[in-house]
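# Topology and contacts: notes
One-letter residues, chain by chain:
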Amino acid sequence: MEHQMERPIELGVISLSDIQVDPATGRPYSYQQRMDEIVGYATLADRAGLDVFALGEHHTLDFAVSSPAVVLAAAATRTS
């Protein structure tokens, strides 16, 4: 039987960037606040040693990210 190389497992997170509702007020968080959170999540994922941080692309008002590349570029300035 031929020896097969094992593939390492990569762990990561994906965010769809949906706009969350503040449980205290019932109002949706601002897009700016959501973007700050997403970049913060990417930074945290990097510090935690995760292999992947990904974002979904959406073009409706229910989601904060319509261009993942731009947001990931912002996150890249704060991660390794």
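Look a little higher up for the structure.
Scope of this entry: the structure provided in the associated data block.

Here helix H1 (residues 31-47) is 17 residues long and its end C-alpha atoms lie 24 Å apart, about the 24 Å a rise of 1.5 Å per residue gives. Along H1, the residues that are buried comprise Arg34, Ile38, Val39, Ala42, Thr43 and Ala45. Against strand E1 (12-15), strand E2 (52-55) and helix H2 (68-76) lie the buried residues of H1. Two residues or fewer past H1, Gly49 is found with a positive phi of approximately 85°.

Taken as a whole, this structure holds 2 salt bridges when the rule is applied. Residue Asp18 is joined to Arg34 by a salt bridge in which the shortest nitrogen-to-oxygen separation is 3.6 Å. You can see Asp18 sitting in the loop between E1 and H1 and its partner Arg34 sitting in helix H1, a full 16 residues away along the chain. Overall, the relative accessible area of 31% leaves Asp18 in the partly exposed class. Taking the shortest distance from any N to any O, the salt bridge between Arg34 and Glu37 comes out at 3.2 Å. Here the residue Arg34 and the residue Glu37 both occupy positions in helix H1, the gap between them amounting to 3 residues, near one helical turn.

Here E2 shows a clear split, with Phe53 and Leu55 buried on one side and none of Val52 and Ala54 buried on the other. Relative to E2, E1 runs parallel, the two sharing 4 bridges. Along E2, the bridge assignment pairs Val13 with Phe53.

With that settled, the discussion passes to H2. Within H2, the full set of buried residues consists of Pro68, Val71 and Ala75. Seen from one end, H2 has its buried residues packed into an arc of 70°, which puts them on one side. Seen from the open side of H2, the exposed residues pointing more than 90 degrees away from its buried face are Ala69 and Val70.

Moving on to unusual backbone geometry. Residue Ser17 is not a glycine yet carries a positive backbone phi of 65°. Checked against the element boundaries, Ser17 lands in the loop between E1 and H1.

Moving on, we come to the packing of H1 against H2. It is the contact of H1 with H2, at a shortest axis distance of 9 Å, that shows an interaxial angle of 55°. By the angle between their axes, H1 is oblique relative to H2. Pair H1 / H2 crosses with right-handed handedness. The residues of H2 that touch H1, namely those facing Met35, Ile38, Val39 and Ala42, are Val71, Ala74 and Ala75. Across the contact of H1 with H2, the residue classes break down as 7 nonpolar, no polar and no charged.

Procedures and definitions
Residues numbered from 1 in each chain as written. Predicted model: local features only at pLDDT ≥ 70, side-chain atom pairs only at ≥ 80, totals over all residues. Heavy atoms only, no water. Helix = DSSP H or I, 4+ residues; strand = E, 2+ residues; numbered from the N terminus. Expected span 1.5 Å × (residues − 1). Buried < 20%, exposed > 50% of the residue type's maximum accessible area, 1.4 Å probe, protein only. Contact = heavy atoms within 4.5 Å. Salt bridge = Lys/Arg side-chain N within 4 Å of Asp/Glu carboxyl O. Pairing = 2+ DSSP bridges. Arc of directions from axis to C-beta. Axes fitted to C-alpha atoms, helices over the stretch in contact; angles between N-to-C directions. Parallel < 35°, antiparallel > 145°, perpendicular 65-115°, else oblique. Left-handed = near helix turned anticlockwise from the far one by under 90°. Nonpolar A, V, L, I, M, F, W, Y, C, P; charged D, E, K, R; others polar.

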